[in-house]
Amino acid sequence: MMPPNVEAAAALGEWLEQADSLLDASALDLSQADLSGADLAMALLTQTVLRNAKLIGTDLYRAHLEGAVLDAADLSAAPLVQAELDEAYLRRAAVNDATLGSSSLHAVDAGPA
């Protein structure tokens, strides 16, 4: 499911058309997008809003999520190994079975909203 934000949906559509490209959706609003199972390894998602997004099993290896808003996102079973999550917001996010090995989590806000 594409996010309701037109600019974000266009960026995702362009990325989908380019095989083997890295996603750069920095500072876009991808709220409510369903990217479950997508390969977002090394994606640039700095300050991206992913509120209520479905990222179940999404490969976020070494992804840049600094300052991203992942409130109420479902990151169940997502590999976040070596992901940069400094100053990200993870309030009410589901991280069941997510792999956070060697992730950078400086000043992450995972408290209640």
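One can find the structure itself at the top, above this paragraph.
Bear in mind the structure is a predicted one, so any value in this text is a computation, not a measurement.

Novice: Explanation requested: the overall build of the protein in the structure shown.
Specialist: Counting its regular elements, the protein contains one helix and zero strands. The C-alpha atoms of the protein give 12 Å as radius of gyration, which agrees with the globular expectation for 113 residues (13 Å, within 12%). In terms of overall dimensions, the protein has a C-alpha envelope of 35 × 25 × 20 Å along the principal axes. Partitioning the intrachain contacts of the protein with sequence separation of at least 6 by distance along the chain shows that 5% fall at a separation of at least 24. Surface accessibility of the protein: about 5,800 Å² in total, with carbon and sulfur atoms responsible for 50%.

Novice: Just to check I follow, could you spell out the environment of L85 for this structure?
Specialist: Among the secondary structure elements, L85 is positioned in the segment after α1 (6–17). What makes L85 buried here is its relative accessible area of 2%. Apart from residues no more than four positions distant in its own chain, L85 is found in contact with L65, L70, L100, S104, L105, H106 and V108.

Novice: Whenever I open this one, the side chain of D71 confuses me. Can you help?
Specialist: Examined against the element boundaries, D71 turns out to sit in the segment after α1. Looking at D71, the relative accessible area reads 5%, which means it is buried. At 2.8 Å, the side chain of D71 and the side chain of R91 are in polar contact. Apart from the residues lying within four places of it in its own chain, the contact partners of D71 are L50, R51, N52, Y89, L90 and R91.

Novice: Can you walk me through unusual backbone geometry in this structure?
Specialist: It is generally the case that most residues other than glycine have a negative phi and that most peptide bonds are trans. For A77, which is not a glycine, the phi torsion comes out positive at approximately 60°. Tracing the backbone shows A77 in the segment after α1.

Novice: What is the right way to read α1 from this model?
Specialist: Within an α-helix, residues lying three or four positions from one another point in the same direction, as the helix has 3.6 residues per turn. For α1, spanning twelve residues, the distance from its first C-alpha to its last is 17 Å, which sits close to the expected 16 Å at 1.5 Å a residue. Those residues of α1 that sit buried are A8, L12 and W15. Relative to the axis of α1, the buried residues are bounded by an arc of 60° and lie together on one face. Along α1, the residues that are exposed and aim more than 90 degrees away from the buried face are V6, E7 and E17. Two or three places before E7, at the start of α1, stands the capping residue N5, its side-chain oxygen 3.1 Å from that residue's backbone nitrogen.

So, how was this worked out
- Numbering of residues starts from 1 in each chain and follows the order in which that chain's sequence is written.
- It should be noted that, the model being predicted, local features are given only for residues of pLDDT at least 70 and side-chain atom pairs only at 80 or more, the latter also being counted only at that level, while totals for whole chains, interfaces and linings use all residues.
- With hydrogens and water set aside, each side-chain value is computed from the structure's full complement of heavy atoms.
- Numbered from the N terminus, helices here are DSSP runs of H or I no shorter than four residues, and strands are runs of E no shorter than two.
- Atoms considered for the radius of gyration are the C-alpha atoms alone. The globule rule reads 2.2 Å times the number of residues to the power 0.38.
- What makes two residues a contact is simply this: any of their non-hydrogen atoms within 4.5 Å.
- What sets the accessible areas is the Shrake-Rupley method with a 1.4 Å probe; for residues, cover comes only from the shown protein chains.
- Each residue gets one of three labels from its accessible area relative to the maximum for its type: buried under 20%, exposed over 50%, partly exposed in between, using a 1.4 Å probe on protein chains only.
- Whenever a nitrogen or oxygen atom comes within 3.5 Å of another N or O atom, the pair is scored as a polar contact, on the condition that within protein one atom can donate a hydrogen and the other can accept it, and that pairs from neighbouring residues in sequence are kept only if both atoms are in side chains.
- Multiplying one less than the number of residues by 1.5 Å gives the expected span of a helix.
- Comment: arc refers to directions from the helix axis out to C-beta atoms.

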